[in-house]
Structures are given as C-alpha cells and as structure tokens.
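# Report on the structure
What follows is each chain in one-letter form.
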Amino acid sequence: MNSGENCLKHKVRGFGRSSGLAPVCAASLLVLATGCSNTRPSSAAAGQSRAVPAHIYTASEETSRRQVQAVGSLFPLEESTLSSQVEGRVSSVVADVGDRVNEGQPLILLDTRELEFEVERQKGLVMQVRAQLGIGPNDPPPADSTKLASVQKAEADRFDAEGKYRRAESMFKDNLISQQQFDEAKSRFQSTQASYDLAIQEVARLKALLISNEASKQLAEKKLADATIRAPYPGLVKSRDVHPGEYLKVQSPVMVVVRTDRLRSRLAVPERWAGWVKPGADVDLHVEAFPGETFHGRIDRINPSVAQDSRTFEVEAVIDNGTGKLKPGFFVQASIPSEKEEKAIFVPEQAVSYRYGVYKVFVMNGSQVHERQIKPARVAEDDHGRRFEIAEGLSSNDRVAAAVSGELHDGDTVKAVP
C-alpha cells in the first residue's frame, strides 16, 4: 500500500460516522489523494526542464609558438598643420572637419588681387630687360655678349678709332701732322675702347638683372599660387581654425589634415621580449569597436631604448586602413609572433564571452557552471578552428560550457549536448 492509499484510508475513517457528508467527503478525498500521489514526479520533471542545453569543451594544453602581447594606440600615417605662406584675406573655406580630401585639392582660398598685380609688375620688368638685351620673351640670355647690337656698335667705333690712331701715329713720326692732331686721334681711340668695355659690362649687368627679375616674377607667381592652400596628401580634415573674411599673416595655422589610408600602431612591448621582436614581423591587432575582427599590420620601426618607468620599448607597426574602419586614437591589443615555443592553454572561441572589456568562461563544477574571468593571450586560427589562447584563468583539463542558445549565468545547471 502506498502513501496515497494510507492517506485516503485515514481520511475515510475519520468521516465514517458522519451521515450525509460521507459520500461527498470520500469523493473529495479521492481527488486529494490523486494530487498527493503526483507531487514527487512533477517536481522531478520541473527540475529537469531547468537544465540549460550546452556544449562542453575541455581546455587543452599544447606546445605553441609564443605570441608577444602588447598594447598601444593608433596614430595617422601623417598629420600636418597647414599654415598660410602669404598674407591675405580669406575669401572662401572649401573643406571642413571630417571631409575626405585628395592630394592637391583646394582647402582655403585667399583674395588674390594684390598678388596678381605684383605678378604683372614683375612681368613688365622682365620684358624691359629683355628688350634692352634685344632678345625675345622666351629666348635665353645671350651666351656671347659680342653678338649684341650695342656691343657691335661700340666695337665698330673702336675699330675705326684704332685705325685712325695707327695712321696718325705713323704720320706724326714723319712730321706730317701736328702733335694736337695726333693727340686727338689717340684720345678718340682710348674713348672708343672705354665705350666698348662699358658696352660689355652693360650686357653683363642686364643679364644679371634679367636673372633677378625673372626670379622675382617666379616668386610673385608662387605667392599667387600659395594663396590657394591645398591638401598635401589624400586624407581627412581633422580641424580648421579660420573663417571667411579673416586676415591671415604668414605662418598662421589654418587647418589640420591627417592621412588615414594607412595608420601607425605604436605598441608598448615588455623589455623581456626585446630579443624576439624583429622588423618586418606581422602583427595581429584587435580593437574594442570591432571585437570579433582581426586587423593585420607589419612592424616598421623599433625604438632602440627602453622606457625606465614602464620597462617597455616602443614598436611601430603600419596598418592598411583602406576601408576607413579604424580611426586614429583607437586603443589596440596586439599579438606579435615570435620563434619562442612554450606550453599554452586553448579553448574554442565559442566558449569565451566578451562584455564591457572583460573576457570570461563558464567552468563546469559537477552539473553546474561558475563564471570565471580570464585573460586571453591571442586568437589562433588553425585546423581546430578559431581558438583562444588563455594567458590566465584556466588550467589544463578544465571543462567549460557554452550555451546552445541564449546565455549562461553563474550557477546555472547545464545539460551536455553533443
């Protein structure tokens, strides 16, 4: 006889002496007896339904090539503070913060009228000197000064005076002319010689003046071109400091442009890894903005000195950022491969949870799970799939759970699912 039957017998006996209430009470007690007999099986079923289906994984210890872990920040490949090279009033600002610009694209325009007047003035001075030299607007300066008309005229006068002087000298010896006539011939020859020398010197002066004036003209043209401030390379506008109507002085800062198609990642590497990090090594980087994504770079420079306060040395890696997903200033966690081999603990990626900058796993304790924070070393991808290498928080053969669907919580009872 089971406990339900005992209960029923006891109840019926208690009401046996009652008159008309006996049949009703007996029926009621039968219902109570039925409920009493089903109590224990229902509780067992409810407990079984609360078990969370989960995959169970065992942390494995393997020999792995050691990854050097480092943290740092992203910086633009180039960052330039643009300034004005000429004085002038700002007539237009054609790019603003966040705009993507191409190399040579105009960013700020200055009023160019005064600069245009100066260019025209210098062009006039150049044309004047070229006219004095007897050359065209595009002709080079004369290499042989004796070919110029002014020099040839002076040379002809000198030749004529020299001939007369030689004849006068011969005639004076024969007493055919007076001393005065001889002196006049000699004086004229000397004068024409001096005029010829002056003509040669004048040509040299004009050639030098032409060089100077053409340089002044080119400088004026450069200032006119500098009135348009252009982007030095493709990038983004980080900040601007001027507005239309402002008057700029020379070297006034106007805008900051950054180049972000490639980024520099400056990483602080512990000094104990100094012998294992080499230029040209590949680097895997992770940022909090894209927790499930790995970015790749290559070590470009290594600082030769170690910082005394942090006992780290700086490594700079260059990262391709053609998609523009990464931004200067991002905090990065980097993994640098080395030739050093050590024992390491691995668990599948799906067994690791990440939230608010914290990595955790759910460790099995009997049929229940308990939350435990871990410190991952890197994400490895091999024949076993994507796995986390665990630096701290797990030991070999620890069993961890991952919910089939939904999330696990500390203290949950789990049911293993293949």
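Right, let's walk through the structure included here. (Residues numbered from 1 in each chain as written. Predicted model: local features only at pLDDT ≥ 70, side-chain atom pairs only at ≥ 80, totals over all residues. Heavy atoms only, no water.)

### Re the overall build of the chain
Helix and strand content of the chain: six helices and 19 strands. Taking all 418 residues of the chain together, the buried fraction comes to 33%. Taking the contacts inside the chain whose residues are at least 6 apart along the sequence as the reference set, 74% of them involve residues at least 24 apart. When the accessible surface of the chain is split by element, carbon and sulfur atoms take 50% of a total near 25300 Å². (Helix = DSSP H or I, 4+ residues; strand = E, 2+ residues; numbered from the N terminus. Buried < 20%, exposed > 50% of the residue type's maximum accessible area, 1.4 Å probe, protein only. Contact = heavy atoms within 4.5 Å. Areas by Shrake-Rupley, 256 points an atom, 1.4 Å probe, with all protein chains shown as cover.)

### As for the packing of aromatic side chains
Enumeration over the complete set of coordinates arrives at six aromatic pairs. Seen from their ring centres, F172 and F182 are 4.9 Å apart, and the 15° between their planes marks the pair as stacked. Pair noted here: F172 is in helix 5 (residues 149-173) and F182 is in helix 6 (residues 179-226), with a separation of 10 residues, a long-range link. Taking the relative accessible area as the measure of exposure, F182 reaches 11% and is therefore buried. For the ring pair Y359 and F388, a centre distance of 5.8 Å and an interplane angle of 55° mean the geometry is tilted. (Phe/Tyr/Trp six-rings, centres within 6.5 Å; stacked < 30°, edge-to-face > 60°.)

### Overview of the environment of R272
Tracing the sequence through the fold places R272 in the loop between strand 9 (253-270) and strand 10 (282-287). Here the alpha-carbon distance between R272 and T312, two residues 40 residues apart in the chain, equals 8.5 Å.

### With respect to the packing of helix 5 against helix 6
Following both chains from N to C, one finds helix 5 and helix 6 inclined at 160°, their axes separated by 8 Å at the closest point. In this view, helix 5 runs roughly antiparallel relative to helix 6, as classed from their interaxial angle. The handedness of the crossing between helix 5 and helix 6 comes out as left-handed. Of the residues that constitute the contact of helix 5 with helix 6, the class distribution is 13 nonpolar, five polar and nine charged. (Axes fitted to C-alpha atoms, helices over the stretch in contact; angles between N-to-C directions. Parallel < 35°, antiparallel > 145°, perpendicular 65-115°, else oblique. Left-handed = near helix turned anticlockwise from the far one by under 90°. Nonpolar A, V, L, I, M, F, W, Y, C, P; charged D, E, K, R; others polar.)

### Quick notes on helix 4 (residues 113-133)
Relative to the 30 Å expected for 21 residues at 1.5 Å per residue, helix 4 spans 31 Å between its end C-alpha atoms, a close match to the ideal helical length. In this structure, the buried side of helix 4 is in contact with helix 6. Positive backbone phi, approximately 75°, marks G134, located one or two places after helix 4. (Expected span 1.5 Å × (residues − 1).)

### Topic: the nonpolar core
Core analysis: the largest hydrophobic core is formed by 22 residues, its most contacted members being L267, V269, V283 and I336. Per-element accounting of this core gives the leading share, four residues, to strand 12 (residues 312-320). Aside from chain neighbours lying at most four places away, what touches V269 is V68, A70, V277, R311, T312, F313, V315 and I336. Counting residues in hydrophobic clusters, the runner-up holds 20 residues, among them V101, V242, M255 and V257. (Core = buried A, V, L, I, M, F, W, Y, C linked by side-chain atoms within 4.5 Å.)

### Notes on the sheet that holds strand 6 (residues 228-230)
Reading across the sheet, the four strands line up as 6-5-3-8 and stay open at both edges, with antiparallel pairing between neighbours. The sheet is open, and its two edges are formed by strand 6 and strand 8 (247-248), each paired on a single side. Relative to strand 8, strand 3 (residues 88-93) is paired through two bridges, and the arrangement is antiparallel. Residue pairing for strand 8: G88 is matched across the bridge by L248. (Pairing = 2+ DSSP bridges.)

### Looking at the layout of surface pockets
Looking at the largest pocket, its volume works out to about 790 Å³. Forming the walls of the largest pocket are 34 residues, and the residues nearest its centre are Q69, Q333, K375, P376 and A377. Secondary-structure elements contributing two or more residues to the lining of the largest pocket are strand 2 (60-83), strand 9, strand 11 (290-302), strand 13 (331-348), strand 15 (358-365), strand 16 (368-382) and strand 17 (385-392). Approximately 340 Å³ is the volume found for the second largest pocket. In terms of lining, the second largest pocket is formed by 15 residues, of which the most central are V86, E87, E114, L115 and K223. Sorting the residues of the lining of the second largest pocket by element identifies strand 3, helix 4 and helix 6 as the ones contributing at least two each. If you tally residues by element for the lining of the second largest pocket, the top one is helix 4, at five residues. (1 Å grid on protein atoms, 1.4 Å probe; cavity = no way out; pocket = protein on both sides within 12 Å on 5 of 7 lines; lining within 4 Å. Points joined across faces, edges and corners; volume = space filled by probe spheres on them.)

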